[in-house]
Amino acid sequence: MKELSTLLYRDWLEFRKKYISYILLWFSFPMILYLFIVIPFSSYISKAALMNYKNWASPGIWICSSALLSFMYSYTKLKNLLYNQENLNKYLKAPLSNGQLLSSLLIFSVIIGIVQLVISIFITTGLNNDNFNLLQLLLISINIISILLFSSITGLFFSIYIRDDFFSALIFFMMFTILAFSFGTLIPMGGSYNK
């Protein structure tokens, strides 16, 4: 347990060096999704599940932004560790197990995703004047945390096998497409479409 807390503290120190970049990413990512996906599709989709499409897409923005950020964090951190010999040698000399290292990356990537989730909730509710009660937000957040765990584990898995930057970009695009469009988070499966 002491080793795991040390690894999490190391991640926290790395985060503190780049906190401005993370803050910019946390605030810009949901707004980019809203601006380039929700607003253009709102002129074609009038209602989804008897709701206004902009209000309906808010949880989709929460899911996409937080899950994709968790995926990206776990993927890039483990990839940089595995393929940077200097960093890898430090960890090989330390009394750490692979499970502790992967657990610390998994926990911190989920924390990054949860912070993204909270910021996304504030941004989208401010843009749409959404009215979610506390129970609805709690249920949605519990479901999203399970998606964050899945996305982080998927990022760790892909980082072991994919080294090339071109394929890394392809994996990010594929993950975004799956989260945004295949699961119906931003595009409703059965909605009323404007002609």
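Just so it is clear, the structure is predicted and the values come from calculations on it, not from any experiment.

**Q** Explanation requested: helix α8 (residues 165-182) in the structure shown.
**A** Think of an α-helix as turning once every 3.6 residues; residues three or four places apart then point the same way. Compared with the 26 Å implied by 1.5 Å per residue over 18 residues, the 24 Å span of α8 between its first and last C-alpha is a close match. Packing partners of the buried residues in α8 comprise α2 (19-42), α4 (58-83) and α7 (134-161). Looking one or two residues past α8, G184 carries a phi angle of roughly 75 degrees, positive in sign.

**Q** Whenever I open this one, the side chain of S109 confuses me. Can you help?
**A** Along the polypeptide, S109 turns up in helix α6 (residues 98-128). Accessibility expressed as a relative area gives 0% for S109, which makes it buried. With residues up to four places along the chain from it excluded, the contact list for S109 reads S70, Y73, S74 and S152.

**Q** Looking at this model, I keep getting lost on the environment of Y75. Mind explaining?
**A** The residue Y75 is located in helix α4 in this model. Residues within four places of Y75 in sequence aside, it is in contact with G155, F158, S159, I162, S168 and F172. Within the structure, the side chain of Y75 is placed 3.4 Å from the backbone oxygen of I162, a separation counted as a polar contact.

**Q** What's the story with the packing of helix α1 (residues 2-17) against α6 in this structure? I'm lost.
**A** Between two packed helices, both the angle of their axes relative to each other and the distance between the axes serve to describe the pair. Between α1 and α6, the least distance of the axes is 9 Å, while the angle of their chain directions is 45 degrees. One finds that α1 runs oblique with respect to α6. Crossing geometry of α1 relative to α6 is assigned as right-handed. Facing E3, L4, L7, L8, R10, D11, W12 and F15 of α1, the residues of α6 in contact are Q100, L101, S103, S104, L105, I107, F108 and I112. Taken together, the residues of the contact of α1 with α6 break down into ten nonpolar, three polar and three charged.

**Q** Please explain the packing of α2 against α4 as it appears in this structure.
**A** As a packed pair, α2 and α4 sit with axes 10 Å apart at the nearest point and diverge in direction by 135 degrees. Compared by their axis directions, α2 and α4 come out oblique. For α2 against α4, the interelement crossing comes out right-handed. Across the interface between the two elements, Y22, L25, W26, F29, P30, L33, Y34 and V38 from α2 touch I61, C64, S65, L68, L69, Y73 and K77 from α4.

**Q** Sorry if this is basic, but what is going on with the side chain of S120 here?
**A** By secondary structure assignment, the location of S120 is in helix α6. Among the residues examined, S120 registers a relative accessible area of 0% and is labelled buried. Apart from the residues within four sequence positions on either side, S120 is in contact with P30, W62 and S65.

**Q** Even after reading the chapter, I still don't get the packing of aromatic side chains, so can you show me in this structure?
**A** Two aromatic rings, taken as a pair, are described by how far apart their centres are and by the angle between their planes. Across all of its chains, the model carries 13 aromatic pairs by this definition. When the centroid spacing of 5.1 Å and the interplanar angle of 45 degrees are considered together, the rings of F15 and Y22 count as tilted. We note that F15, like Y22, is buried. Overall, Y22 belongs to the buried group, its relative accessible area being 13%. By way of ring pairs, the aromatic residues W12, F15, Y22, W26, Y73 and F108 are connected into one cluster.

**Q** Any chance you could explain the pattern of salt bridges here in plain terms?
**A** Pairing between side chains becomes possible if they bear opposite charge and their charged atoms approach one another. Counting across every chain of the model gives three salt bridges. A salt bridge links R10 to D11; its shortest N-O distance comes to 2.8 Å. For D11, a relative accessible area of 1% puts it in the buried group. When the shortest N-O distance is used, the salt bridge between E14 and R10 registers 3.1 Å. Separated by four residues within a single helix, E14 and R10 lie in helix α1, roughly one turn from each other.

Calculation criteria
- Residues numbered from 1 in each chain as written.
- Predicted model: local features only at pLDDT ≥ 70, side-chain atom pairs only at ≥ 80, totals over all residues.
- Heavy atoms only, no water.
- Helix = DSSP H or I, 4+ residues; strand = E, 2+ residues; numbered from the N terminus.
- Expected span 1.5 Å × (residues − 1).
- Contact = heavy atoms within 4.5 Å.
- Buried < 20%, exposed > 50% of the residue type's maximum accessible area, 1.4 Å probe, protein only.
- Polar contact = N/O pair within 3.5 Å; in protein donor to acceptor, adjacent residues only side chain to side chain.
- Axes fitted to C-alpha atoms, helices over the stretch in contact; angles between N-to-C directions.
- Parallel < 35°, antiparallel > 145°, perpendicular 65-115°, else oblique.
- Left-handed = near helix turned anticlockwise from the far one by under 90°.
- Nonpolar A, V, L, I, M, F, W, Y, C, P; charged D, E, K, R; others polar.
- Phe/Tyr/Trp six-rings, centres within 6.5 Å; stacked < 30°, edge-to-face > 60°.
- Salt bridge = Lys/Arg side-chain N within 4 Å of Asp/Glu carboxyl O.

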